[in-house]
Amino acid sequence: MSTHLTQLLDAFDPTLPLAKARTIPSGWYFDPAIYALECEKIFGNTWQYVGRSELVAKPGSFLTVELAGQPILVVRDEKGTLRAFHNACRHRAAQVINEPCGHATKLRCRYHGWTYDLAGRLRGTPEFDGVEEFRKEDHGLPTMHVETWGPFVFVHMGAPKQTLTAWLAPFPAMTESLDLPKLQFFGQRDYILDCNWKVFVDNYQDGGYHVNTVHPGLAGALDYSGYRTVNHETNSVQISPIKPSDDPIVNKVRTGTHAYYWWMFPNLMINLYQGVMDTNWVIPLGPDRCRVFFDFYFTDVEGEIAKRFNEASIAVAHQVQLEDIGVCDEVQRGLKSRSYDTGRFSVKREAGGYFFHQLLARMLKA
Ligand code: FES
Ligand SMILES: [Fe+2]
């Protein structure tokens, strides 16, 4: 590890109590050395959400994603086994599958036509006769671990120390009564942000601190006085009582007794209201750019009434996201100000934000 990187990592002390803590230094939000380390130790070595289970439910169905510079392919083979591969052809490293999702009977690389079966074994190598010391058996697609929980598919590019369900605990048990696997996918939106992926997570993890100032519409539906954060091993949940809002649309789509905002380390957020689930999945596109996918799930997706409700719910989430993008992009510019290095945390509100920084630092330094 370079001296520069060691100094950057040492500049954050994760052992301080919240009342004395400082944030990670601003350099962690744009320094290429930190970004490279995150790609290896965070995205490359923890359970990572990669997409929806329904996309790979049937034999032959697949999904692809590029996560922190790594092309990934998840396929359900003919026998029903879910498999995940590095999506890089063993010939010249083209992506074997280019579509974001679909169905295939074999995996054919479009560059020179090599084919792999759905289990990743190399089957066809056109015009390759006479090549010495080459065995197809040695050139299958390299695998990675894959598991699903309910509507979510996760991969692990390293050696997982725990199962996905253990990693997600206590989320599966604590949301059992909401029966999340029964909710149905309705639509997706995605947004490009000119900020480091952690700025988006920090914004999510500030315990509602910015709700009244940045989200006047949403604020009307949340009883801020009862808003609280609970940190677990590798995730946390913010819980807010819901109150009647003056905005008739917000009032209609943000119902139930409580809103739950789950954050799963490092980059998946799950927002739950009665009959409504949105996932916010932030993936880095470099040190100071990221993309956020919003997936919207509802109890009911059929019929005009359900569709109108769902569209209204998405519109509320979209408005909140536009408000968040504004502050996130601005924060990224501020982090580069010569005047700013670290900030302090509100003890009352920001336990979740410090917890994120502590987990991140622990894994980067490991
Ligand atoms: S790169 Fe895939 S066949 Fe050549
Ligand atoms: Fe927000």
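If you're wondering where the values come from, they're calculated on a predicted model, not measured in any experiment. (Residues numbered from 1 in each chain as written. Chains lettered and ligands numbered in written order. Predicted model: local features only at pLDDT ≥ 70, side-chain atom pairs only at ≥ 80, totals over all residues.)

S.K.: Got a sec to walk through the overall build of the protein chain? Specific residues and values, please.
M.R.: Helix and strand counts for the protein chain stand at 10 helices and 17 strands. In terms of overall dimensions, the protein chain has a C-alpha envelope of 75 × 60 × 35 Å along the principal axes. Relative to its full complement of 366 residues, the protein chain shows a buried share of 38%. When contacts within the protein chain are restricted to residue pairs at least 6 apart in sequence, those whose partners lie at least 24 apart make up 58%. (Helix = DSSP H or I, 4+ residues; strand = E, 2+ residues; numbered from the N terminus. Buried ≥ 20, exposed ≤ 12 C-beta atoms within 10 Å, placed from the backbone. Contact = placed C-beta atoms within 7 Å.)

S.K.: Account for the sheet that holds strand β10 (residues 152-156), naming residues and giving values.
M.R.: One open sheet holds the seven strands; their spatial order is β1-β10-β9-β4-β3-β2-β5, and the pairing between them is antiparallel. Edge positions in the sheet fall to β1 (48-52) and β5 (101-103), since each has one partner strand and no second. Here the strands of the sheet are splayed against their neighbours by 30° on average, with no regard to which way each runs. As defined by bridge partners, β1 adjoins β10 across four bridges and the pair is classed as antiparallel. Within β10, the position partnered with Y49 by the bridge is F154. (Pairing = 2+ DSSP bridges. Axes fitted to C-alpha atoms, helices over the stretch in contact; angles between N-to-C directions.)

S.K.: Quick one: what's the story with the domain arrangement of the protein chain, residue by residue and with numbers?
M.R.: Assigned domains of the protein chain: these are domain 1 (48-159) and domain 2 (166-365). Each of domain 1 and domain 2 has a C-alpha centre, and these two points are 31 Å apart. Counting residues at the interface gives eight residues for domain 1 and 11 residues for domain 2. Classifying every residue of the side of domain 1 that touches domain 2 by side-chain character gives five nonpolar, one polar and two charged. (Domains from an automatic or database assignment. Nonpolar A, V, L, I, M, F, W, Y, C, P; charged D, E, K, R; others polar.)

S.K.: Quick rundown of the packing of helix α2 (residues 32-43) against helix α10 (residues 351-365)? Include the residues and the values.
M.R.: The geometry of α2 relative to α10 is characterised by a closest axis approach of 9 Å and an angle of 95° between their N-to-C directions. Here α10 runs roughly perpendicular to α2, going by the angle between their axes. Of α10, the residues touching α2 (which contributes L37, E38, K41 and I42) are L360, M363 and L364. Here the residues of the contact of α2 with α10 are counted per class, giving five nonpolar, no polar and two charged. (Parallel < 35°, antiparallel > 145°, perpendicular 65-115°, else oblique.)

S.K.: Any details on the packing of helix α5 (residues 197-204) against helix α9 (residues 304-335)? Residues and values, ideally.
M.R.: Relative orientation of the contacting elements α5 and α9 amounts to 125°, with a least axis distance of 10 Å. One element, α5, and the other, α9, form an angle in the oblique class. Both α5 and α9 take part in a crossing whose hand is right-handed. Where α5 approaches α9, its residues V199, F200 and N203 are matched on the opposing element by D324, V327, C328, V331 and Q332. Grouping the amino acids of the contact of α5 with α9 by side-chain chemistry returns five nonpolar, two polar and one charged. (Left-handed = near helix turned anticlockwise from the far one by under 90°.)

S.K.: Explain the sheet that holds strand β6 (residues 107-108) to me, and be specific about the residues and the numbers.
M.R.: Read from one edge of the open sheet, three strands run β6-β7-β8, paired in antiparallel fashion. The outermost strands of the open sheet, each flanked by one partner alone, are β6 and β8 (122-124). Sheet topology note: the strand β7 (residues 115-116)/β8 ladder contains two bridges and is antiparallel. The residue bridging Y116 from the neighbouring strand is L122, located in β8.

S.K.: Account for the pairing of strand β3 (residues 70-76), with residues named and values stated.
M.R.: Most of β3 is tucked away, with five of its seven residues classed as buried. Examined bridge by bridge, strand β2 (residues 61-67) and β3 share six bridges and lie antiparallel to one another. Looking at the pairing, F62 lines up with V75 of β3. Between the antiparallel neighbours β2 and β3 lie two residues, among them A68 with a positive phi of about 50°. In the sheet, β3 pairs with strand β4 (residues 82-86) via five bridges, with the strands oriented antiparallel.

S.K.: Which residues make up the nonpolar core, and what values do they have?
M.R.: With 91 residues, the main nonpolar core has V50, L73, V74, V155 and F200 as its most contacted residues. Ranked by the residues each element gives to this core, the list is headed by α10, at six residues. Built from parts of two domains, this core gets at least three residues from each of domain 1 (48-159) and domain 2 (166-365). The contact partners of F200, leaving out residues within four places of it in the chain, are L193, C195, V282, C290, V292 and C328. (Core = buried A, V, L, I, M, F, W, Y, C linked by C-beta atoms within 7 Å.)

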